[in-house]
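# Summary of the model geometry
Residues per chain are reported as follows:
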Amino acid sequence: MPNLLIELFSEEIPARMQARAAQDLQKRMTDGLVEAGLTYGGAKAFSTPRRLTLAIEDLLAASPTIREERKGPRVDAPDKAIEGFLRGAGLTRDQLEQRDTPKGAIYFASIEKPGRPAAAIVAEVLEQTIRNFPWPKSMRWGAGSLRWVRPLHSILCILSTEEGAETVPFEIDGITADNTTRGHRFMGAEPFAVTGFDDYAAKLKRAHVILDAGEREGHILQEAQNRAFAAGFELVEDRGLLAEVAGLVEWPVVLMGEIGEDFLALPPEVLQTSMKEHQKFFSVRNPKTGRIERFITVANIETPDHGATILAGNQKVLAARLSDAKFFWENDLRTIREKGLEGMAAGLSDVTFHNKLGSQADRIKRIEALAREIAPMVGAKPDLAAEAARVAKADLQSEMVGEFPELQGLMGRYYAQAAGHDDGVPEACEEHYKPLGPGDAVPTNPVSIAVALADKIDTLTGFWAIDEKPTGSKDPYALRRAALGVIRLVLGNGLRVSLSEVLLASRDELQEQFEREEHELNVQNEKWAMAVLGLNREQLEKITAEKTAKLRESIRRWKEFRAERPTSLVASFFASEGLATPPTDSLVAFLHDRLKVHLRDEGIRHDVIDACLAMEGNDDLTLLVKRAEALADFLKTDDGDNLLQGFKRANNLWRDEMKKANFEDDELFLNAIQILEDAEEKDGVEYSFGADVKFAETDEEKALFAALDTAEPEIASAMQAEDFAAAMAAMARLRAPTDAFFEAVQVNAGNEVLRRNRLNLLSRIRTLCLSVADLTRIQG
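Predicted model only: the values in this text are computed from it and were never measured.

What follows covers the overall build of the chain. Along the chain, the regular secondary structure elements total 27 helices and 20 strands. Evaluated residue by residue, the chain yields a buried proportion of 46% over its 780 residues. Expressed as a percentage of contacts within the chain between residues at least 6 apart in sequence, the contacts between residues at least 24 apart total 67%. Carbon and sulfur atoms form 49% of the exposed surface of the chain, whose accessible area is close to 38800 Å².

Taken residue by residue, helix 10 (residues 382-391) has Leu384, Ala385, Ala386, Ala388, Ala389 and Val391 as its buried positions. The elements touched by buried residues of helix 10 are helix 8 (308-345), helix 9 (360-378), helix 13 (425-431) and helix 14 (446-465).

What follows covers empty space enclosed by the protein. Taken as a whole and judged by the stated rule, the model has four cavities of 30 Å³ or more. One number sums up the size of the largest cavity: a volume of about 40 Å³. Taken together, Asn642, Leu643, Gly646, Phe647, Met731, Leu734, Arg735, Thr738, Ile765 and Cys769 make up the full set of residues lining the largest cavity. Of the residues assigned to the lining of the largest cavity, the class counts are six nonpolar, three polar and one charged.

Close contact between helix 10 and helix 14 brings their axes to 9 Å; oriented N to C, the two are set at 55 degrees. Our classification of the angle between helix 10 and helix 14 gives oblique. When the axes of helix 10 and helix 14 are compared, the crossing they make is right-handed. Mapping the contact onto sequence places Leu384, Ala385, Ala388 and Ala389 in helix 10 and Val447, Ala450 and Val451 in helix 14.

The next subject is the sheet that holds strand 5 (residues 97-101). The three strands are arranged 4-6-5 in an open sheet whose pairing can be described as antiparallel. Only two strands of the sheet have a single neighbouring strand rather than two, namely strand 4 (66-74) and strand 5. Each adjacent strand pair in this sheet contributes to an overall mean axis angle of 35 degrees, direction not counted. Two elements, strand 4 and strand 6 (residues 104-113), share seven bridges in a ladder whose sense is antiparallel. Residue pairing for strand 6: arginine 74 is matched across the bridge by isoleucine 106. The sheet contacts of helix 2 (residues 79-89) involve strand 4 and strand 6, and relative to strand 4 the element is tilted by about 170 degrees.

Calculation notes
- The written sequence of each chain sets the order in which its residues are numbered from 1.
- Per-residue local features of the predicted model are confined to residues with pLDDT of at least 70, and side-chain atom pairs are confined, for both listing and counting, to 80 or more; whole-chain, interface and lining totals are unaffected and use all residues.
- Excluded from the side-chain calculations are hydrogens and water; all other atoms, namely the structure's heavy atoms, are used.
- Helix numbering and strand numbering both begin at the N terminus, where a helix is a DSSP run of H or I of at least 4 residues and a strand a DSSP run of E of at least 2.
- Burial classes: relative accessible area under 20% of the type maximum marks a residue as buried, over 50% as exposed, and values in between as partly exposed (1.4 Å probe, protein chains only).
- For this analysis, residues touch if any pair of their heavy atoms sits within 4.5 Å.
- Per-residue accessibility takes into account occlusion by the displayed protein chains alone, with areas from the Shrake-Rupley method and a 1.4 Å probe.
- Here a cavity denotes grid points, spaced 1 Å and computed from the protein atoms alone, that fit a 1.4 Å probe unable to get out, and a pocket denotes an open set having protein on both sides within 12 Å along at least 5 of 7 lines; residues with an atom within 4 Å of a point are the lining.
- Grid points are joined across faces, edges and corners, and a volume is the space filled by probe spheres set on the points.
- In this count, Pro and Cys sit with the nonpolar residues alongside Ala, Val, Leu, Ile, Met, Phe, Trp and Tyr, while Asp, Glu, Lys and Arg are called charged and the others, Gly among them, polar.
- Whenever a helix is involved, its axis is fitted only over the stretch in contact; in every case the axis is a line through C-alpha atoms, and angles between N-to-C directions fall within 0 to 180 degrees.
- Note on angle classes: values under 35 degrees are labelled roughly parallel, values over 145 roughly antiparallel, values of 65 to 115 roughly perpendicular, and the remainder oblique.
- Two helices crossing with the near one rotated counterclockwise from the far one by less than a right angle form a left-handed crossing, whereas a clockwise rotation gives a right-handed crossing.
- At least two DSSP bridges between two strands are needed for those strands to be called paired.

Treat this as a map of the structure, not an account of what it does.
This is the structure we're talking about:
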């Protein structure tokens, strides 16, 4: 079986595109070959700045011959039908076979498609691959029609066996495939022929080209670490930069240079970012001082002076870049000395956050007010949280962040320290953006937590208020990330926060801003109406009053309601006013959806999550997760099975009896009261409301009453202490007396009062078990 080697040789391919291009070349070629009937043993793709390479082992020498039988029309079918069948099969009538079938005489065609040699198929598939290659960006080069990311110079395409190698006959846009390639642009530019992949890789290395990107990365990392260690320093590793640099060189030569003394006082992150973004340099840290004092650069050529000239040029360019960074740093510090950090932030009033949500300064005011409310809930001082919120985004106005946006937050910490802020404020400036993703750390400083929560909650409530919610895969404002950030902040710090209350407070801050803006707009509109329409103030006020009276009245009642009623009644207020569901309700649901995803990733079943979400207090995420984890763990035990089976047996019978009597769940006690009151009037005695042991007839019935009397205080105490496992264990112990009750007692007794008493007994079990979670939602 032959081996196939393909190389597409071009000008330098952007580093960010190389790995994906190699994968695309492998997939498109192998898929096309297999579809054409050529199977293979293995395939591997490679990339360097100037070439994409594909090596395929044990390819079939030719596609197999395919024999196919097709059933045609009846022999007595119209001629047009028969002629159509012949055209499709590519045969003549005398080549058809006539067979008798239960449906009469039928024409059959036996079609044989002979196999084709591998070279012909490879050429065909390669042309389709090249012409339809999925580059992110490509263009036509020269006069041809071929589009490629950079000018394509040559194509190597050979099939090799033990007997030798043959070039696949192939030509595209004037480029004819052959068996030659070139090495390094400067150190191995002469063309050379190859006979197979091993010969190709060996000759490339002699021509100063390391074909495997992974090998280039390993070489760069090892050499960089060795050079840094030898000088008493340590390399600041950066895997992303390492992969990028490996895509810029075919023959990596690692060099280490020094950073000028004038720049060593810059924050290390500034040095690291500037060198990475502009020069693709690695940072080298002095472990004694913690400063970035040297850099690693990777050249693409060996020089007689061992890189001295290259380093001198790089250090000159680096000094110019770092001079800019130093200028930004010093200017920002001067601004802070003159105006303070809040003075630096003043310019944010001219920066639009969103045209419907105001400026960045408007947003900072909302975050400040919300952080002040959140602070006591997370153990922070309200004044400190408010102070941190006022300055947290000041660095967005700094020249340094203007040049390096990725340093926002981090520079805020440095500037806050320079401005004399302390007690967790500088840390909050850096950490209030966190967590940015699943792998990002969660802030633990109370001030940072307060500002981070306020920042993310303001984002959510703001975009919810203007109906800019995520849809499908679209989430332009990263609201899913903000929601997950809220969840991780709460759970990571074990916070006991009512999200509904916090969301309503955020909504109120936004509403106050809208009212201020509305007032300012009304003032402008009044001036316009009086000047242009010729209205006097009395006429204008009459028009305005009619349009705004209802809205203002609703706002007034809402503020009174918020001051006097618990959050749980918010929805009923909106309904009574004929208004839409409160945005905070749907926002809590959105947070619950993100929490479901988070908990499923942690291995908690969806039905367990649903069972806990159905309980009151589900806006306390820490309590919710604690309940879900306890329930999930408990259901894996024998006691968990006892709890579930005992509950379902009692619940199912109770529901069956209610259904027979056409009672709704919440009608049970009302109907029980009526029956008992009727019985009292008829019998002339007083019956107690609900299940009462005095109506118990059997020992098993009395035992169940006793078991419930014992379990209820134990469960209540455990629930009060939020020891859900203990509460569920106590519930599980009710299974034995419950099973005994079902074996010995007929619930549907002829005596109506007795029947009601037993149904209320089952309801008592049901209510008790539902106090920990909605077990009706548990499957199995």
